[in-house]
Amino acid sequence: MKQLHRVLYCSRSRLPGGAAEVGRGLRQILERSRQNNAATGLTGSLLFTESLFAQVLEGPLEALCATFERIQCDERHHDVTVLEFLPVRAREFPHWSMAYAAPGPQALPVLKAALHGAAGPEAGRILAALHEVVRGADVGAK
Amino acid sequence: MDRITPDLATLLDCAPPPARPLAALIDGIPQPVLLIDADLAVRQLNGAARRRLGLVDAPARGAPLGRVLEQAGEIAPAEAAVLLAQARAIVAAEEGAARGGGAIRLTGRRLSPRLWMLTLAPPAHPAFSPAGRCALTGLADRAAFAASLARLLQRAEEPAAVLLVDLDRFKSINDTLGHPVGDALLAAVAGRLRGCIRPRDLAARLGGDEFAILLPGCAGEADAALLARRVVEILSRPFLVRGHLASIGASVGLALAPADAAEADELVRAADLALYQAKAEGRGIWRRFRPALNERAQARRALEADLRRALPLRQFHLHYQPQVALPERRLTGFEALLRWTHPARGSVPPGEFIPLAEEVGLIGAIGGFVLRAACAEAAAWPEPLKVAVNVSPLQFERGAELVAAVTAALAESGLPGVRLELEITESALLHNEASTLATLHALRGLGVRIVMDDFGTGYSSLSQLRSFPFDKVKIDRSFVSGLAEGGQASAIVRAITALGASLGIATIAEGVETEAQAAALVQEGCGSAQGYLISRPVAPENIPALIARAGSGAATEFVP
């Protein structure tokens, strides 16, 4: 089997408009990424607060780099910080072409701290936050 | 499920969005757009596409693209064949790419596993040369860029803008991760640039890590500035290339025709001056050309001309600042400091001419002069007084040359190597560790002592102190000036001296100006000091008297 890699990044949103419009923008991002990821064998999870994104992408290196590069060129966010990029043994989100994780109250300060520089422990905490939410959602998913 | 916000819960199921006909969506797009599936059947096309292709009626849903193109009144049969081939290539490659050099181009983008969006791009600007591509990036090369710019400006009826883009920190990525990663990074940079520009603009790779963008019909600064800002921002975002995470940045210089220059050469020179300014102001920014930059460039050229003559005209000389051992303030040696006195300019500060000398390649010759003069002077001092000489990071990069210059200076003067100290800054150590280490060892093989200058201001770390054979670290003046107030500066000085003591590395503090600072340095265990409190730098003719007063190394307090 091909070596899997995982990247975790966070960034600031540039989605325009009020809550409804942002929700539509987010829906678009999720749909597009689910379609792309299903076609290229990537899985992952996206966390969004009112102003910040955190996303995990995992899969074969080549598809991962190509998708990451496309995300980098996206104008709907900026100030991108990569918190983690490494080879992994197994996927964290094997059943999700792109899970959506609404953040719990503890996630926002963690994300903000991560964007202000220090990686390391934040990467683990964000990943844990993404996990917790997705695990909860997994129960309700088919 | 309780953590999922209710209004966003729908996002989790993959149900299609509320029905909104795709046709209505793409009809809102001003560019001619077609949606095709993997079998090259047309699923949708918008009004702009119908007009551009010259279709009287909307084709039936699912009509083969080939037949639709045949019916298009605005498309010649030969062109239809080319477009069909382009569409096929786009679907086969599964990714969007502009192809072909005909009167009309297709760009494609995959929307879903079985759906592609094709955009009928307007042709590239007629002035742009189709030939001359950079093989690595697919962008225009330098010659094609120059030819396109010249042709564009000859037409003269429309304004234009040139952006010159220089990558920051590319060299170190190339050095540390290797050329294949560097090449992949350049290709990714090209991809991002391509994504920033309109179809009629031209992006080029001029060579190395220099890129350029030509914007025809760009009348005002606003549009070009928007693009410049976008380029700076998007290239500062991280890259994942070949399994590596790479962070670079970009500086951008901008010039507009005809406002800033009317001729191609002049326009590029203006953009280059703006780029130079962006880099001088700290990189990672864009700057537009200003006439003042021309004046500054002229002033710089005049300074360079004078600097080139300074060595043969013997306008350089050295002053020497005493260094003393603490706490007794016994004279141990001098730091040699370069002075340039120009007949018209007067005394030119080193901060002005040293960076220029480094830039124009004079630093090796000037550094060689300093080594020879300092060693000759020191050979006349009583033993064991030492002389410390500053070495530029650029001298250090050419290690073999530096070792040869030091060897020659010692041989000519007869000064024993142990009485020469070379002060190098941390930045000299950042590149190419293996060859740096080899140079340091070769210098120590001559008996020379190595001092790390400005310690604590840059990237120095414990590991660096451990892996490089330093004899001494010089504590930067910024910490010394904060010493009397206690607090962080004291803690840093204490850490450095403690570290030095445990690794067997001596410490010296520079910029010592007050008794309080000297007392604090003694308190923190710092071994030596220099600064105005001890003595200002002195001319060589005053040194013998100074040494005599100091008791030539006797353990008497140094009183200048």
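Please refer to the structure higher up on the page.
A. A look at the overall build of chain B. Across its full length, chain B carries 20 helices and 21 strands. Taking all 560 residues of chain B together, the buried fraction comes to 49%. Contacts spanning at least 24 positions in sequence make up 61% of the contacts within chain B whose residues lie at least 6 apart. Put simply, chain B shows about 25,400 Å² of open surface, and 55% of that area lies on carbon and sulfur atoms.

B. Highlighting the overall build of chain A. The secondary structure content of chain A amounts to four helices and five strands. Starting at the N terminus and ending at the C terminus, chain A contains elements arranged as β-α-β-β-α-β-β-α-α. Counting across all 142 residues of chain A, residues that qualify as buried make up 54%. For chain A, contacts bridging at least 24 residues in sequence account for 80% of all contacts bridging at least 6.

C. Main features of the sheet that holds strand E1 (residues 4–13) of chain A. Residue and element names in this part refer to chain A. If you trace the five strands from one edge of the open sheet to the other, you get E4-E1-E3-E2-E5, paired in mixed fashion. At either end of the open sheet lies a strand with only one pairing partner, and these are strand E4 (77–88) and strand E5 (99–101). Between one strand axis and the next, the sheet turns through 15 degrees on average, direction left out of account. In terms of strand pairing, E1 meets strand E3 (residues 52–60) through nine bridges, oriented antiparallel. When the bridges of E3 are listed, Arg 12 appears paired with Leu 52. Sheet strands touched by helix H2 (residues 61–72): E1, E3 and E4. Its angle to E3, the strand with the most contacts, is close to 155 degrees.

D. Examining the sheet that holds strand E6 (residues 160–168) of chain B more closely. Residue and element names in this part refer to chain B. Strand order in the open sheet formed by five strands is E7-E8-E6-E11-E12, and the pairing between neighbours is mixed. Two strands in the sheet have a free side with no partner beyond their single neighbour: strand E7 (202–207) and strand E12 (286–288). The average undirected angle you get between the axes of adjacent strands in this sheet is 20 degrees. Together, E6, E7 and strand E8 (210–216) form the strand contacts of helix H7 (residues 179–196), whose direction differs from that of E8 by roughly 15 degrees. Helix H9 (residues 264–280) rests against E6, strand E11 (249–257) and E12 of the sheet, and its axis sits at about 145 degrees to E11.

E. Structural context of the pairing of E8(B). Residue and element names in this part refer to chain B. Judged by how many residues are buried, E8 sits mostly within the fold: six of seven residues are covered. Relative to E8, E6 runs antiparallel, the two being bridged by seven bridges. Looking across to E8, one finds that Asp 166 is bridged to Glu 210. Relative to E8, E7 is paired through five bridges, and the arrangement is antiparallel. Looking at the pairing, Ala 203 lines up with Ile 213 of E8. Count of turn residues in the E7/E8 antiparallel hairpin: two residues, of which Gly 208 carries a positive phi of about 50 degrees.

F. Up close: the environment of B:Arg269. Residues and elements named next belong to chain B. For Arg 269, the location among the structural elements is in helix H9. Considering only alpha carbons, one finds Arg 269 and Asn 294, 25 residues apart in sequence, at a separation of 9.5 Å. Residues within four places of Arg 269 in sequence aside, it is in contact with Asn 294 and Arg 301.

G. Spatial organisation of helix H18 (residues 488–503) of chain B. Residues and elements named next belong to chain B. Its 16 residues give H18 an end-to-end C-alpha distance of 22 Å, which sits within 8% of 22 Å, the value for a rise of 1.5 Å per residue. Among all positions of H18, only Ala 489, Ser 490, Val 493, Ile 496, Thr 497, Leu 499 and Gly 500 are buried. Two residues or fewer past H18, Gly 504 is found with a positive phi of approximately 75 degrees.

H. Representation of the packing of helix H12 (residues 363–379) of chain B against helix H14 (residues 399–413) of chain B in the model. Residue and element names in this part refer to chain B. Their axes nearest at 9 Å, the elements H12 and H14 cross at an angle of 30 degrees. Considering their axes alone, H12 and H14 lie roughly parallel with respect to each other. Both H12 and H14 take part in a crossing whose hand is right-handed. Each of Leu 371, Arg 372, Cys 375, Ala 376 and Ala 379 in H12 lies in contact with H14, whose residues at this interface are Leu 402, Ala 405, Val 406, Ala 409, Leu 410, Glu 412 and Ser 413. In the contact of H12 with H14, the residues fall into nine nonpolar, one polar and two charged.

I. Molecular detail of the pattern of salt bridges. Tallying each qualifying case throughout the model produces 33 salt bridges over all chains. Among the salt bridges present, the one from A:Arg6 reaches A:Glu92, with a minimum N-O distance of 3.0 Å. Of the two residues, A:Arg6 is situated in strand E1 and A:Glu92 in the loop between E4 and E5; the sequence distance between them amounts to 86 residues. Using a relative accessible area of 7% as the deciding quantity, one classes A:Arg6 as buried. The class for A:Glu92 is partly exposed, based on a relative accessible area of 27%. A salt bridge links B:Lys472 to B:Glu421, with the shortest nitrogen-to-oxygen separation between them at 3.1 Å.

J. Region of interest: the packing of aromatic side chains. Residues and elements named next belong to chain A. Applying the stated criterion to the full structure yields eight aromatic pairs over all chains. Pairing Tyr 9 with Phe 68 gives two aromatic rings, centres 6.0 Å apart and planes at 80 degrees, and the pair type is edge-to-face. Of this pair, Tyr 9 sits in strand E1 while Phe 68 sits in helix H2, and the two are 59 residues apart along the sequence. The residues Tyr 9 and Phe 68 share a single accessibility class, namely buried.

K. Representation of helix H11 (residues 350–359) of chain B in the model. All names here are of chain B. Among all positions of H11, only Phe 353, Leu 356 and Ala 357 are buried. Projected onto a plane normal to the axis of H11, the buried residues spread over an arc of 100 degrees and lie on a single side. Elements in contact with the buried residues of H11: helix H10 (291–310), strand E13 (316–325), strand E14 (330–342), strand E15 (346–348) and H12. Just beyond H11, the residue with positive phi is Gly 361, at close to 80 degrees.

The rules behind these values
Residues numbered from 1 in each chain as written. Chains lettered and ligands numbered in written order. Predicted model: local features only at pLDDT ≥ 70, side-chain atom pairs only at ≥ 80, totals over all residues. Heavy atoms only, no water. Helix = DSSP H or I, 4+ residues; strand = E, 2+ residues; numbered from the N terminus. Buried < 20%, exposed > 50% of the residue type's maximum accessible area, 1.4 Å probe, protein only. Contact = heavy atoms within 4.5 Å. Areas by Shrake-Rupley, 256 points an atom, 1.4 Å probe, with all protein chains shown as cover. Pairing = 2+ DSSP bridges. Axes fitted to C-alpha atoms, helices over the stretch in contact; angles between N-to-C directions. Expected span 1.5 Å × (residues − 1). Parallel < 35°, antiparallel > 145°, perpendicular 65-115°, else oblique. Left-handed = near helix turned anticlockwise from the far one by under 90°. Nonpolar A, V, L, I, M, F, W, Y, C, P; charged D, E, K, R; others polar. Salt bridge = Lys/Arg side-chain N within 4 Å of Asp/Glu carboxyl O. Phe/Tyr/Trp six-rings, centres within 6.5 Å; stacked < 30°, edge-to-face > 60°. Arc of directions from axis to C-beta.

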